[in-house]
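Residue-level structural notes
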Amino acid sequence: SPAGMALSVLVILLLSMLYEAVKMGKAVLLRRALLALPRSLSRESLVEPEEEDAGPTQGSPLLTGFPIFFRRWFRYHVSQALFHVVQVVLGYMVMLAVMSYNTWIFLGAIAGSTLGYFV
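Residues numbered from 1 in each chain as written. Predicted model: local features only at pLDDT ≥ 70, side-chain atom pairs only at ≥ 80, totals over all residues. Heavy atoms only, no water.

**Remarks on the overall build of the protein**
- In terms of regular secondary structure, the protein is built from four helices and zero strands.
- Going residue by residue from the N terminus, the α and β elements of the protein occur as α-α-α-α.
- Taken across its 119 residues, the protein has 18% of its residues classed as buried.
- When contacts within the protein are restricted to residue pairs at least 6 apart in sequence, long-range pairs at least 24 apart make up 78% of them. (Helix = DSSP H or I, 4+ residues; strand = E, 2+ residues; numbered from the N terminus. Buried < 20%, exposed > 50% of the residue type's maximum accessible area, 1.4 Å probe, protein only. Contact = heavy atoms within 4.5 Å.)

**Things to note about the UniProt feature "transmembrane region" (unreviewed entry) in the protein**
- In this structure's numbering, the residues bearing the UniProt feature "transmembrane region" (unreviewed entry) are residues 6-22.
- For the annotated span residues 6-22, helix accounts for 100% and strand for 0% of the residues, and the straight-line distance between the end C-alpha atoms is 24 Å. (UniProt positions renumbered as here; feature names shortened; annotations may be inferred.)

**What to know about helix H4 (residues 103-118)**
- Over its 16 residues, H4 extends 23 Å from the first C-alpha to the last, a length consistent with the 22 Å expected when each residue adds 1.5 Å.
- Residues of H4 that are buried include every one of Ile-105, Gly-108, Ala-109, Gly-112 and Gly-116, and no others. One side of H4 carries all its buried residues, which in axial view fall inside an arc of 100°. Residues Thr-103, Trp-104, Tyr-117 and Phe-118 are exposed on H4 and point more than 90 degrees away from its buried face.
- A distance of 2.9 Å separates the backbone nitrogen of Trp-104 from a side-chain oxygen at the start of H4, and that oxygen is part of Asn-102. (Expected span 1.5 Å × (residues − 1). Arc of directions from axis to C-beta. Polar contact = N/O pair within 3.5 Å; in protein donor to acceptor, adjacent residues only side chain to side chain.)

**Topic: the packing of helix H1 (residues 2-36) against H4**
- Running from N to C, H1 and H4 cross one another at 35°; their axes reach a closest spacing of 7 Å. For the element pair H1 and H4, the recorded crossing hand is right-handed. Residues Met-5, Ser-8, Val-9, Ile-12, Leu-13, Ser-16, Met-17 and Glu-20 of H1 lie in contact with H4, whose contacting residues are Trp-104, Ile-105, Gly-108, Ala-109, Ala-111, Gly-112, Ser-113, Leu-115, Gly-116 and Tyr-117.
- Tallied by class, residues from the contact of H1 with H4 come to 11 nonpolar, six polar and one charged. (Axes fitted to C-alpha atoms, helices over the stretch in contact; angles between N-to-C directions. Left-handed = near helix turned anticlockwise from the far one by under 90°. Nonpolar A, V, L, I, M, F, W, Y, C, P; charged D, E, K, R; others polar.)

**Some thoughts on the pattern of salt bridges**
- Taken as a whole, this structure holds one salt bridge when the rule is applied.
- With a closest N to O distance of 3.3 Å, Glu-20 and Lys-23 form a salt bridge. Here the residue Glu-20 and the residue Lys-23 both occupy positions in helix H1, the gap between them amounting to three residues, near one helical turn. (Salt bridge = Lys/Arg side-chain N within 4 Å of Asp/Glu carboxyl O.)

**Some details on the nonpolar core**
- In this structure, Val-9, Ile-12, Leu-15, Val-22, Leu-90, Val-94, Ala-97, Ile-105 and Ala-109 together form the largest nonpolar core, which totals nine residues.
- Secondary-structure elements contributing two or more residues to this core are H1, helix H3 (68-98) and H4.
- For this core, the element with the highest residue contribution is H1, accounting for four residues. (Core = buried A, V, L, I, M, F, W, Y, C linked by side-chain atoms within 4.5 Å.)

**Let's talk about the packing of aromatic side chains**
- Here the structure, examined in full by the defined rule, presents one aromatic pair.
- Ring geometry for Tyr-117 against Phe-118: centres 5.6 Å apart, planes inclined by 75°, an arrangement best described as edge-to-face. (Phe/Tyr/Trp six-rings, centres within 6.5 Å; stacked < 30°, edge-to-face > 60°.)

**Comments concerning the environment of Phe-118**
- Structurally, Phe-118 can be placed in helix H4.
- Residue classification places Phe-118 among the exposed positions, given a relative accessible area of 66%.
- It is 9.5 Å that separates the C-alpha atoms of Phe-118 and Met-17, two residues lying 101 residues apart in sequence.

The structure is reproduced here in C-alpha cells:
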C-alpha cells in the first residue's frame, strides 16, 4: 500500500539520519579521548594529584593503581566501543533495506544520509 511504502521510506530516512548522528558522536568522543591524554608523559602528570592523602575508601578498587588520565581515557574508550556497535547495527539495517532493490527505499537512505550529515 502507498501508506506502508511512505512509512517504510520515512523509517529508512530516520535510520540513515541516526547513523550519521552516531558517526559524528563517535568522532566527538574520539576527540575528547585524545584531549584526556596528558601532553607529556612525565611522572608528575601520570600520578594522581593527591596520591599521599588517598585513603583506602577513595577511588575504584580496580583502577586505583592506574593514572588518573587512564581512567578518563578508559571511559571514553568504552563509550566509543558502544557507539561503534550501534553504528554497525544501524549500517547493516540500512544496507539490508537498500538491498531490497526498491528505488524509493534507496532514495530514502540517500536523503537520510544527506540530511543527517548536514544536521
